Amino acid sequence: YFPVRDAAGTLLPAIVAVANVDSPRPAQVRAGFERVLRARLADARYFWDTDCAQPLADRTAALGQVTFAAGLGTLADKTVRVAALAADLAPALHADAAVAARAAQLAKADLLTAMVGEFPELQGVMGEAYARHDGEPDAVALALREQYLPRFAGDALPASPAGSVLALADRLDTLCGIFAIGQTPTGERDPFGLRRAALGVARILIEGRARLDLPALLAAHAARYPGDAAALPAQVYAYVQDRLPAWYAAQDIPADVVDAVRAGGFADLGGMDARVRALTALRARPEAASLAAAHKRATNLLSQAGADGAAAVDPARFEHGAEGALHDAI
């Protein structure tokens, strides 16, 4: 079944359905399609009416009865951790802290509704719809849907600041939690979708031009998870960075450029991206090869002389003005 929309994107009361038979009675086939769809729409209407009888906010207490993952507590525990992360993320993404906090509190409430129980793919979508029905602020409702963006490679990113905060906080909590209990992906197995979550973190920070010291943020929250809190930030940050070469490769940026920038040890993915693109632009210039060769030659000479770069330079021993000019320029 395919829904039909008009040129403005408005849903029309019509469907296109496909059958793999060439029936001599198309009207009967059409009636069959309509009968099945009518029943599903009646179910959805029933679920909507039932769910609207209880506000989303009233469902949050029951999150304590739903396990998130063994060793990481319940969805209520996850909500507390996500809210704490969101509070620290809000300033870096220019989001309203109160909106981010309210969205974090309601983020998983729609998982307990009858509608999402029957149609799991509507998580977030129904969270937004029920939040609007309950009179929550528009920014809060929108963040509930955007928390799941991007769903796949190339998908749209959250468009609102609060949505970006919630999407980041949720993914970072999952990454930290699963790393902490030792359930990191192996081979093709990635039951918690950590690769997708890590790439989502990278894209939101880079494409959103956020400036954030990610390891420092993770270190501030590492004690909330089991295991070695000291090692956790570096492990998670390295895993996020490991997703970058393939992402850049799709943009025709070679892996050695990414590796060169990554070797600088930068904690800000936005800053890393700026350097990757600057180095890519420099590399395309005709003088790049000569510059690299000169730098390598100078480094080798300094190494052979036992010198440690500029720290070993004694301007008092200069014999020519050009030496002083070069030192000042460097």
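Refer to the preceding data block for the structure.
Asker: How would you sum up the overall build of the protein chain? Please name residues and give values.
Answerer: A tally of helices and strands in the protein chain yields 15 helices and 2 strands. Radius of gyration (C-alpha) of the protein chain: 27 Å, far over the 20 Å computed for a compact globule of 330 residues. Projecting the C-alpha coordinates of the protein chain onto the three principal axes gives extents of approximately 95 × 50 × 40 Å. By the burial criterion, 37% of the 330 residues in the protein chain qualify as buried. Pairs at least 24 apart in sequence give 59% of the contacts found in the protein chain among residues at least 6 apart. In the form shown here, the protein chain has an accessible surface area of approximately 18,200 Å², with 57% of it arising from carbon and sulfur atoms.

Asker: Before we move on, can you summarise the nonpolar core with the specific residues and values?
Answerer: Ranked by internal contacts, the top residues of the largest apolar core, which has 76 residues, are Leu175, Leu214, Leu244 and Leu269. Here the element with the most residues in this core is helix 7 (residues 161-180); it accounts for 12 residues. With sequence-adjacent residues up to four places away left out, leucine 269 is seen in contact with Ala202, Leu205, Ile206, Leu212, Leu214, Tyr237, Val240, Gln241 and Leu244.

Asker: Describe the environment of alanine 159, listing the residues and the values that go with them.
Answerer: Within the element layout of this structure, alanine 159 appears in the loop between helix 6 (138-146) and helix 7. For the pair alanine 159 and leucine 149, spaced 10 residues apart in sequence, the C-alpha to C-alpha distance is 9.3 Å.

Asker: Go over helix 10 (residues 232-242), please, and point to the residues and values.
Answerer: Along helix 10, the residues classified as buried are Leu232, Pro233, Val236, Tyr237, Tyr239, Val240 and Gln241. Buried-residue contacts for helix 10 involve helix 7, helix 8 (194-207), helix 9 (214-221), helix 11 (244-249), helix 12 (255-262) and helix 13 (269-283).

Asker: A description of a nonpolar patch on the surface should follow, citing residues and the corresponding values.
Answerer: Judged by side-chain polarity, Tyr1, Ile15 and Val36 come together as a nonpolar surface patch covering roughly 260 Å² of accessible area. Within the secondary structure layout, tyrosine 1 lies in the segment before strand 1 (2-5).

Asker: Please give an account of the pairing of strand 2 (residues 11-16) that cites residues and values.
Answerer: In this sheet, strand 2 lies alongside strand 1 in antiparallel orientation, the contact comprising 3 bridges. Among the inter-strand pairings, proline 3 is bridged to a residue of strand 2, identified as isoleucine 15. Linking strand 1 to strand 2, which pair antiparallel, is a turn of 5 residues; within it glycine 9 sits at a positive phi near 90 degrees.

Asker: So, the side chain of aspartate 173: which residues are in play, and what are the values?
Answerer: Mapping aspartate 173 onto the fold places it in helix 7. At 2.7 Å, the side chain of aspartate 173 and the side chain of lysine 78 are in polar contact. In this view, aspartate 173 contacts Phe68, Lys78, Arg81, Val82, Leu85 and Tyr225; residues no more than four positions away in its chain are not counted.

Asker: Could you give an account of the pattern of salt bridges, naming the residues involved and the relevant values?
Answerer: Across all of its chains, the model carries 20 salt bridges by this definition. Aspartate 155 is the salt-bridge partner of arginine 151, the closest N and O atoms lying 3.6 Å from each other. Owing to a relative accessible area of 11%, aspartate 155 belongs among the buried residues under this scheme. A salt bridge links aspartate 273 to arginine 277; its shortest N-O distance comes to 3.0 Å. Here aspartate 273 and its partner arginine 277 are both found in helix 13, 4 residues apart, which amounts to about one turn of the helix. The class for aspartate 273 is buried, based on a relative accessible area of 10%. Each of Lys78, Arg81, Lys108, Asp170 and Asp173 takes part in salt bridges that share partners, so that together they form one network.

Basis of the calculations
- Residues numbered from 1 in each chain as written.
- Predicted model: local features only at pLDDT ≥ 70, side-chain atom pairs only at ≥ 80, totals over all residues.
- Heavy atoms only, no water.
- Helix = DSSP H or I, 4+ residues; strand = E, 2+ residues; numbered from the N terminus.
- Rg over C-alpha atoms; globule rule 2.2 N^0.38 Å.
- Buried < 20%, exposed > 50% of the residue type's maximum accessible area, 1.4 Å probe, protein only.
- Contact = heavy atoms within 4.5 Å.
- Areas by Shrake-Rupley, 256 points an atom, 1.4 Å probe, with all protein chains shown as cover.
- Core = buried A, V, L, I, M, F, W, Y, C linked by side-chain atoms within 4.5 Å.
- Patch = residues over 30% accessible without salt bridge, like charges linked within 9 Å, V, L, I, M, F, W, Y side chains within 5 Å.
- Salt bridge = Lys/Arg side-chain N within 4 Å of Asp/Glu carboxyl O.
- Pairing = 2+ DSSP bridges.
- Polar contact = N/O pair within 3.5 Å; in protein donor to acceptor, adjacent residues only side chain to side chain.

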